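As a plain string of letters, each chain reads:
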Amino acid sequence: MPLQILEKTPQHLVAIWQITETTSFFEDQLPKEDKEYVNSKYSVASSNEKLQQRQIEKKLERLAVRLSVKTLVKKLHLDYTFLDKTPTGKPFLSENTNLNLSISHDFPYCAAIIDIEKEVGIDIQSQVSKISRVFPRVMSEREQKNAQNLATQTLFWSAKEALYKYADIEGLFFKEDLNVKFDSKNQLLGRIKSNILPTQWLPLSYHNFSNPNNDFVVVWL
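The paragraphs below set out a description of the structure included in this document. (Residues numbered from 1 in each chain as written. Predicted model: local features only at pLDDT ≥ 70, side-chain atom pairs only at ≥ 80, totals over all residues. Heavy atoms only, no water.)

**Looking at the sheet that holds strand 2 (residues 12–18)**
Here we have four strands laid out as an open sheet, ordered 1-2-6-5, and antiparallel in their pairing. The open sheet terminates on both sides in strands that have one partner only, identified here as strand 1 (4–9) and strand 5 (100–106). The average undirected angle you get between the axes of adjacent strands in this sheet is 5°. In this structure, strand 1 lies alongside strand 2, joined through five bridges in antiparallel fashion. Counted as the bridge partner of Thr9 is His12 from strand 2. Packed on one face of the sheet, helix 3 (residues 49–75) meets strand 1, strand 2, strand 5 and strand 6 (109–115) and runs near 35° to strand 6. (Pairing = 2+ DSSP bridges. Helix = DSSP H or I, 4+ residues; strand = E, 2+ residues; numbered from the N terminus. Axes fitted to C-alpha atoms, helices over the stretch in contact; angles between N-to-C directions. Contact = heavy atoms within 4.5 Å.)

See below:
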């Protein structure tokens, strides 16, 4: 399925991709370095059918998000190179390290954001019951009080994931160091408590969507 652009400026692009294609579709359009990296991480050689299917999905996610980044980079009239990662897992282009980008995936979707000028973070998340079960472990009492249903809990969870990627600081704790809230105008805000970054409330954008099987949200800044 073609890339769906969620936000666009001359310096900034956000998009999601619904994965309906085969692995060969993505491999045919990616550099060999991307293909070699994904193949080295996700083998489908398993006698367990469920495990094999999950590995196929993981591989598709990683291929699709790379083609998503490649497509967005070209829309900004830049050159795409191999998508590499720092020791903390932050993605970057091997020959264009000044470009800020972030990626996320939750089969059958992936999401990507790129920006020429400022740091970014993105996360995509489906509404699954396990979020409600672990919610108290990663949310403050105030956040728990403000998120009483699965949809809002998923939104807050995804917002903290996006903030974590934006910060790219080792040792951050979701419950203590990352905060989310709605302001009086119902704007979603996020805050990172760290002696490395300014402690301030940052505006977060989000997009809700559904397929026949589930509801999803993607959050970015």
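Having put the structure on the table, let's press on.
**Things to note about the pattern of salt bridges**
Applying the stated criterion to the full structure yields nine salt bridges. Between Arg62 and Glu61 there is a salt bridge, with its nearest N and O atoms 2.7 Å apart. In this structure Arg62 comes out as buried when scored by relative accessible area, which is 14%. Relative accessible area serves as the criterion here: at 2%, Glu61 is assigned to the buried category. The salt bridge partner of Lys165 is Asp123, with a shortest N-O separation of 3.7 Å. Within this pair, whereas Lys165 is found in helix 6 (residues 150–167), its partner Asp123 is found in strand 7 (residues 122–126), the two being separated by 42 residues in sequence. Since its relative accessible area comes to 23%, Lys165 is described here as partly exposed. (Salt bridge = Lys/Arg side-chain N within 4 Å of Asp/Glu carboxyl O. Buried < 20%, exposed > 50% of the residue type's maximum accessible area, 1.4 Å probe, protein only.)

**Some remarks on the sheet that holds strand 7**
Across the sheet, which stays open at both edges, the three strands sit in the order 7-12-11 with antiparallel pairing between neighbours. Taken across any chain shown, the strands that pair with only one partner, and hence form the sheet edges, are strand 7 and strand 11 (205–210). Between one strand axis and the next, the sheet turns through 15° on average, direction left out of account. Pairing between strand 7 and strand 12 (residues 215–220): five bridges, direction antiparallel. Within strand 12, the position partnered with Ile122 by the bridge is Trp220. Running at roughly 150° to strand 7, helix 6 makes contact with strand 7, strand 11 and strand 12 of the sheet.

**Digging into the nonpolar core**
Core analysis: the largest hydrophobic core is formed by 27 residues, its most contacted members being Phe26, Val69, Leu93 and Ile114. Listing elements by their share of this core, those giving two or more residues are strand 2, helix 3, strand 5 and strand 6. For this core, the element with the most residues is helix 3, which contributes eight residues. Ignoring any residue separated from it by four or fewer positions in sequence, one finds Phe26 in contact with Trp17, Ile19, Glu21, Leu60, Leu63, Ala64 and Leu67. With 23 residues, the next largest nonpolar core counts Phe135, Met139, Val180 and Val219 among its residues. (Core = buried A, V, L, I, M, F, W, Y, C linked by side-chain atoms within 4.5 Å.)

**Some remarks on the packing of helix 2 (residues 32–41) against helix 3**
Running from amino to carboxyl end, helix 2 crosses helix 3 at an angle of 160°, the nearest separation of the two axes being 10 Å. If you check the angle between helix 2 and helix 3, you find them roughly antiparallel. Read as a crossing pair, helix 2 and helix 3 show a hand that is right-handed. Every residue of helix 3 that contacts helix 2 at Asp34, Tyr37, Val38 and Asn39 is listed here: Lys59, Arg62, Leu63 and Arg66. (Parallel < 35°, antiparallel > 145°, perpendicular 65-115°, else oblique. Left-handed = near helix turned anticlockwise from the far one by under 90°.)

**Some remarks on the packing of aromatic side chains**
Taken as a whole and judged by the stated rule, the model has nine aromatic pairs. A ring pair is formed by Tyr109 and Phe216, whose centres lie 4.8 Å apart and whose planes are at 65°; its orientation type is edge-to-face. Here the residue Tyr109 occupies a position in strand 6, and Phe216 occupies one in strand 12, the gap between them amounting to 107 residues. Here Tyr109 and Phe216 have matching classes, each one buried. Seen from their ring centres, Tyr164 and Phe174 are 5.4 Å apart, and the 45° between their planes marks the pair as tilted. With Tyr164 in helix 6 and Phe174 in helix 7 (residues 174–177), this residue pair connects regions lying 10 residues apart in the sequence. (Phe/Tyr/Trp six-rings, centres within 6.5 Å; stacked < 30°, edge-to-face > 60°.)

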